[in-house]
Amino acid sequence: MILPIYVYGQPVLKKEGMEVTSDYPDLKQLIEDMYETMYNANGVGLAAQQIGLNLKLFVVDTIQIKKEEKEVKGIKKAFINAEILAEEGEEWAYEEGCLSIPDIRGEVERQPTIRIRYQDESFNTHEETYDGIDARVIQHEYDHTLGKLFIEKLGAVKKQLIKRKLENIKRGKVSVDYRIKFAKF
Ligand code: NI
């Protein structure tokens, strides 16, 4: 089922996620719905906060990007109760966007390599290392589960430039081809 995507101004986007327990109702269906919602909006990642749930849960599919760039690998995964244990390397800039902040993109500096611990859909724990685009998308989605948005990492000038656009998104004055839920005033 395609779910509406919560956009900038919705309080849930600022909420840190709670632990997901193995008895969480219909978790497999929820994850399936998150993938469907993400693909419908042409996204490469989606966090629970973006569909209105403050949980430590996000899905990622970088295989789509890698196909375009003709690289071999990429990941399609659900990350439950993820914790980034370490970030390494010299920060690199990459233009990020977010389904919850339509029409705004900006260069964000992040470290290239991460070490992450998470649980899969069967609640088996994994500890893995990612880099490049995979790490980038994970870092962005992981931030969502901490209640953080990429625009908070933009420079002061850029922040000023997007101010009005953000106000419009809050009021639902934005044109997107997927269903959104904006903050009510
Ligand atoms: Ni996002």
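Going by the structure above, here's the rest.
From a predicted model like this one, the values you see are computed outputs, not experimental measurements.

Chemist: It is not clear to me how the pairing of strand β8 (residues 125-131) should be interpreted in this structure. Could you clarify?
Modeler: Side-chain direction in a regular strand flips from residue to residue, so the side chains alternate between the two faces of the sheet. One ladder, built from seven bridges, connects strand β7 (residues 113-119) with β8; its direction is antiparallel. Each residue of the ladder has a partner; that of Q119, found in β8, is T125. Connecting β7 to the antiparallel partner β8 that follows it, the hairpin turn spans five residues, and F123 within it adopts a positive phi of roughly 65°.

Chemist: Before we go on, may I ask you to explain the nonpolar core in this structure?
Modeler: Within soluble globular proteins, side chains that are nonpolar generally end up buried alongside one another. Core analysis: the largest hydrophobic core is formed by 36 residues, its most contacted members being L57, I101 and I151. Counting residues per element, the ones that place at least two in this core are α1 (27-40), β3 (57-61), β4 (76-88) and α5 (163-170). At six residues, α1 tops the list of elements feeding residues into this core. Excluding residues within four positions of it along the chain, I101 makes contact with Y8, L149, F150, I151, L166 and I169. A47, V60, I65 and I133 belong to the second largest nonpolar core, which has 17 residues in total.

Chemist: What should I look at first to understand the coordination of the nickel ion in this one?
Modeler: In an ideal octahedron of six donors the angles at the metal are 90 or 180 degrees, and in an ideal tetrahedron of four donors they are 109.5 degrees. Binding of the nickel ion to the protein goes through C98 (SG), H140 (NE2) and H144 (NE2), at separations of 2.1 to 2.2 Å. Along the chain, the residues that donate to the nickel ion are spaced as C-x41-H-x3-H. With a gap of 42 residues between them, C98 in the loop between β5 (92-96) and β6 (106-110) and H140 in helix α3 (residues 132-145) connect regions that are remote in the sequence. Given the relative accessible area of 7%, H140 is considered buried.

Chemist: Explanation requested: the sheet that holds β8 in the structure shown.
Modeler: Each strand in a sheet pairs with its neighbour through backbone hydrogen bonds, running either in the same direction (parallel) or in the opposite one (antiparallel). One open sheet accounts for five strands, arranged β2-β3-β4-β7-β8; its pairing is antiparallel. Looking along the sheet, the strands with just one partner apiece sit at the ends: β2 (45-47) and β8. Across the sheet, the mean angle separating the axes of adjacent strands is 40° when strand polarity is ignored. The strands touched by α1 within the sheet are β2, β3 and β4, with β3 carrying the most contacts at an inclination of about 45°. Along the sheet, α3 contacts β2, β3, β4, β7 and β8; its crossing angle with β3, the most-contacted strand, is approximately 155°.

Chemist: Mind showing me how you'd approach unusual backbone geometry here?
Modeler: A negative phi angle is the norm for most residues apart from glycine, just as the trans form is the norm for most peptide bonds. Phi at N42 takes a positive value of approximately 60°, unusual for a residue other than glycine. Here the phi dihedral of D103 falls at roughly 70°; this positive angle occurs in a residue that is not glycine. Along the chain, D103 turns up in the loop between β5 and β6.

Chemist: Looking at this structure, how should I read the pattern of salt bridges?
Modeler: Any two side chains of opposite charge can pair, given that their charged atoms come close. Inspection of the entire model under this criterion finds 12 salt bridges. Salt-bridge contacts for K56 lead to E16; the nearest nitrogen and oxygen are separated by 3.5 Å. You can see K56 sitting in the loop between β2 and β3 and its partner E16 sitting in the loop between β1 (5-6) and α1, a full 40 residues away along the chain. Among the residues examined, E16 registers a relative accessible area of 49% and is labelled partly exposed. Between E128 and K77 there is a salt bridge, with its nearest N and O atoms 3.0 Å apart. Of this pair, E128 sits in strand β8 while K77 sits in strand β4, placing them 51 residues apart in sequence. Linked through salt bridges whose partners overlap, the residues forming this network are E83, R115, R117 and E127.

Chemist: Even after reading the chapter, I still don't get the pairing of β3, so can you show me in this structure?
Modeler: Buried residues dominate β3, accounting for five of its five residues. Burial of β3 is two-sided: the residues L57, V59 and D61 facing one way and the residues F58 and V60 facing the other way are all buried. For β2 and β3, the ladder comprises three bridges, and the chain directions are antiparallel. When the sheet's bridge partners are listed, L46 is paired in β3 with V59.

About the cut-offs
- Residues numbered from 1 in each chain as written.
- Predicted model: local features only at pLDDT ≥ 70, side-chain atom pairs only at ≥ 80, totals over all residues.
- Heavy atoms only, no water.
- Pairing = 2+ DSSP bridges.
- Helix = DSSP H or I, 4+ residues; strand = E, 2+ residues; numbered from the N terminus.
- Core = buried A, V, L, I, M, F, W, Y, C linked by side-chain atoms within 4.5 Å.
- Buried < 20%, exposed > 50% of the residue type's maximum accessible area, 1.4 Å probe, protein only.
- Contact = heavy atoms within 4.5 Å.
- Donors = N, O, S within 2.8 Å, 3.2 Å for Na, K, Ca; no water.
- Axes fitted to C-alpha atoms, helices over the stretch in contact; angles between N-to-C directions.
- Salt bridge = Lys/Arg side-chain N within 4 Å of Asp/Glu carboxyl O.

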